[in-house]
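What follows is the residue order along each chain.
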Amino acid sequence: MSKQNEAITAVYADEDGNILDAPGMRGMGRTGRMNVLLQPEDLIPLPESADLMLLPDRLAVGQSADGETMPISGLAVAAILPAGYTRLYMPAYERAEEAQRLPLYGYTAVVVYCDELYCAAVYTDENEKWDPVHYNTKELAKLVKRTKKDLPGNRIVEQVGGCSLKWHCCTAQNLFYRRWECGIPTSPVCNANCFGCISLQPAECCPSPQERIKFRPTPEEIAEVGIYHLSVAPDGIISFGQGCEGEPSLAADNIAAGIKLIRAKTKKGQINMNSNAGWTEGIKKIVDAGLDSLRVSIISAREEGYDAYYRASYHLADVKASIRYALDHGVYVSLNLLYFPGFNDREEELAAWQEFFRELPVQMIQVRNLNIDPDAFLDIMPEPQGKILGTRRFIAALHEEFPQLVIGSFSHYVEA
């Protein structure tokens, strides 16, 4: 039998947590609220660095031989993919009424195909620097101590040291490994109330996977870390706007002053900011100080979808104004597109993105799996107006009209 004709079989977890296949039940995935049969072209072998997670109070779902979609007597199983992979489908499941909201992860459909575990995803970007093998090494704690000794009393170093050892943040760890992209958190506050914020969640919600910074670093603290990293790190990047903080543009005065101090000492490396870009006046100050690249977090090019998720004190028009200013001043602009199958790939969303890129020719989209409970997300977002096109068609349509647009997953080092 050819590989193309091999059965795609549903999987589930038994009461002991063992992951089993369900013979005779075809594997399914979910896009939006709809369960669909998975096809061989939707699947890749489960990456070695992926994790498997059981979904409590959610029964796995498959399709029987007579074409009936039905639950399986076991919990649904999801893959949590490493960076660089974009999921095509979420797990198909039947949710119990009393089910609690899921933690903030990007849940991906898993099946058995050719006697191996496969997941519904595509490889979006290759960047060896973000391979998990480079992080959480045995010497990390010792390297954190070294940097604390080099920069005594710097509160940023204390913060990212904790992020490295407790939360295993890769950009935090890069400061201590003296390489690549290093995060410099600066802002304890935010001007948005994102439904899926990874650094701050209300007590009744799911736990956040990071702890938000509680202080405001001075320009001198910012510059000390920036100079330290950019002076020695290969392909060195410092990034404001990490998972352990709010919106960095709200610390515009301190960041702008810090950038000027850094550039007075070294021209090496790249200064980046990850931002929602909602406060244009703050963005302007930071751009004028010497920002090299700006990555804007965004979920929709339509006001209805944008406002529903960000619940912010600003609007999409403000974000566009910030991007326009950055582009006009030579800043490399990428979008951190929070991606959810069955939302971003709706017909009306694609049309809005096409109009967006005609107006604002950003250089790159970084497609990131949205870490969210699927049902909770869809409950707050606008209902679809048109068809769901599928992730592959969504990406292909953007490639076709905007061939210069890089579509990947990672921040790329930009040569000056």
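Here, residues in each chain are numbered from 1, in the same order as that chain's written sequence. Confidence filtering applies because this is a predicted model: local features only for residues at pLDDT of at least 70, side-chain atom pairs given and counted only at 80 or more, and all residues used for totals across whole chains, interfaces and linings. Side-chain calculation: all heavy atoms of the structure are included, whereas hydrogens and water are not.

In the annotation of an unreviewed UniProt entry, the entry for the protein chain reads Molybdenum cofactor biosynthesis protein A, and the organism field reads Mitsuokella jalaludinii. UniProt positions are given in the numbering used here, feature names are shortened, and annotations may be inferred rather than shown by experiment. A UniProt comment under Cofactor (unreviewed entry) is attached to the protein chain, and it reads "[4Fe-4S] cluster".

Participant: Please explain the packing of helix H1 (residues 140-150) against helix H2 (residues 155-166) as it appears in this structure.
Facilitator: For any two helices packed against each other, one specifies the crossing angle of their axes together with the interaxial distance. Here the axes come from fitting lines to C-alpha atoms, over the contacting stretch only for helices, and the angles between their N-to-C directions go from 0 to 180 degrees. Starting at the N terminus, helices and strands are each numbered in turn, a helix being any DSSP run of H or I of at least four residues and a strand any DSSP run of E of at least two. Two elements in contact, H1 and H2, have axes separated by 10 Å at closest approach and are oriented at 180°. Relative to H2, H1 is oriented roughly antiparallel. Of the residues in H2, those in contact with Leu140, Ala141, Val144, Thr147 and Lys148 of H1 are Val157, Glu158, Gly161, Ser164 and Leu165. The nonpolar class holds Ala, Val, Leu, Ile, Met, Phe, Trp, Tyr, Cys and Pro. Asp, Glu, Lys and Arg form the charged class, and all remaining residues, Gly among them, are polar. Here the residues of the contact of H1 with H2 sort into five nonpolar, three polar and two charged. Relative orientations are named as follows: roughly parallel for angles under 35 degrees, roughly antiparallel for angles over 145 degrees, roughly perpendicular for angles from 65 to 115 degrees, and oblique for any other angle. Contact between two residues is taken to exist if any of their heavy atoms lie within 4.5 Å; hydrogens are not considered.

Participant: How should the domain arrangement of the protein chain be read in this particular structure?
Facilitator: The split into domains, and so the bounds of each, comes from an automatic or database assignment of domains. When its domains are assigned, the protein chain resolves into domain 1 (8-123) and domain 2 (128-408). Placing a centre on the C-alpha atoms of domain 1 and another on those of domain 2 gives a separation of 29 Å. Taken residue by residue, the interface counts 26 residues in domain 1 and 29 residues in domain 2. Between domain 1 and domain 2, the buried area comes to about 2300 Å², and carbon and sulfur atoms account for 57% of it. Area buried by domain 1 at its contact with domain 2 is led by Arg87, Arg101 and Leu104, which between them contribute 32% of it. A side-chain nitrogen of Lys or Arg and a carboxyl oxygen of Asp or Glu constitute a salt bridge if their distance falls within 4 Å. In this assembly, domain 1 and domain 2 are joined by five salt bridges. Identification of polar contacts relies on pairs of N or O atoms within 3.5 Å, with a donor-acceptor requirement for protein atoms, meaning one able to donate a hydrogen and the other able to accept it, and with residues adjacent in sequence counted only if both atoms are side-chain atoms. For the pair domain 1 and domain 2, the interface holds 13 residue pairs in polar contact (both at pLDDT 80 or more). Elements that contribute at least two residues to the side of domain 1 that touches domain 2 include exactly strand E2 (19-31), strand E7 (85-87) and strand E9 (93-95). If you tally residues by element for the side of domain 1 that touches domain 2, the top one is E7, at three residues. Here the quantity called buried area is the total loss of accessible area, with a 1.4 Å probe, experienced by two parts when brought into contact, counted for both.

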